[in-house]
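Each chain, written out:
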Amino acid sequence: MKQVFLICAHKDIDQLNSLVEALRDPDFIVYVHLDRKSALDPAALHPSAIRVAPRIDVRWGGFSQVQATLVSLRQILREQPDFDKVIFLSAQDYPLLPNELLKRELMRLQAHELLETAPIRPDGWNVGFRYQFFHREGGGKLERLACGLANRMLRLTGQRRRMPDGFAPHGGASWWALSRDCLLEALRLADSHPRLLRFMRTVQCPDEMLFQTLVMHSRFAVRVLSDNFRYVQWPEQGARNPKVLDAADFERIRASNAHFCRKLDSQASAGLLPRLRQWKESRAAA
């Protein structure tokens, strides 16, 4: 069965095209969303990739990340009537399995939605502040002032915002693999609950919350396997972004059960990439 890969990219056309080339396969369909503000030349994109339109100006931590994903998914669902899953990737991801092995793994997991998720609460993922207070993406001075005043009132009164329409907040990594039917249901829920989408416009990092919340509110919750099969290394001292992987990470990557690793940089990961390619080729030959 066909698999669809959705790649969000904002820099380094050569690295992006290398990822598209690695996924080139008769059973794989690759879509690419190019950040509108980036310097990436659409004409230089790998010819086998399908471009998402319109392009969204994506800002880290804001609703524009969700908007870009929703625009991409609506195009995919409109243009691709039959596929198993959409695998959501960053252009800084690298596939650790040769395509034939990746196909077998995805078929083995066909009955599952691969979505890292946890309830957002003190005894779960304790990041309730992300939605309990207002967050602004851009806006003018008056809008930022109004946001700050609203948050001050919430703190002074001890009140906290709640998700609308009875949705229970869930969250996890932005990167997932969800079936066509699950995505159709998630978008149906989003469309039928416009208050939730409006709420998400004032949430911090809604890309790490919206799809988890929608899926866990749906009949597909029972299919969720809370594993996105990505190798990610977070700095020990804590950071809002994962570590850029280098050659020192190779053995840990090889010991994982991941389908992809992230994040890589063509320069900082220059010592790692050849080892990953060699290992991947050896797995194809095995």
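Residues numbered from 1 in each chain as written. Predicted model: local features only at pLDDT ≥ 70, side-chain atom pairs only at ≥ 80, totals over all residues. Heavy atoms only, no water.

(A) Just the nonpolar core, in detail. Of all hydrophobic cores here, the largest spans 46 residues; its most connected members are Leu6, Leu73, Val86, Met163, Trp176, Met200 and Leu214. For this core, the element with the highest residue contribution is helix H2 (residues 63–79), accounting for eight residues. Discounting residues that sit within four places of it in the chain, Leu214 has contacts with Phe167, Ala186, Leu189, Ala190 and Leu196. By size, the runner-up hydrophobic cluster in this structure holds 25 residues, among which are Leu40, Ile87, Leu102 and Ala177. (Core = buried A, V, L, I, M, F, W, Y, C linked by side-chain atoms within 4.5 Å. Buried < 20%, exposed > 50% of the residue type's maximum accessible area, 1.4 Å probe, protein only. Helix = DSSP H or I, 4+ residues; strand = E, 2+ residues; numbered from the N terminus. Contact = heavy atoms within 4.5 Å.)

(B) Focus on the packing of aromatic side chains. Under the defined criterion, the tally for this structure stands at seven aromatic pairs. Aromatic side chains Tyr131 and Phe199 sit 6.4 Å apart centroid to centroid with 55° between the ring planes, which places their arrangement in the tilted category. One end of the pair, Tyr131, is in helix H4 (residues 129–132); the other, Phe199, is in helix H7 (residues 194–200), with 68 residues separating them in the sequence. We note that Tyr131, like Phe199, is buried. Over the ring of Phe28 we find Lys103; its NZ or CZ atom is 5.9 Å from the centre of that ring. (Phe/Tyr/Trp six-rings, centres within 6.5 Å; stacked < 30°, edge-to-face > 60°. Lys NZ or Arg CZ within 6 Å of the ring centre and 35° of its normal.)

Coordinates in, geometry out; function isn't part of it.
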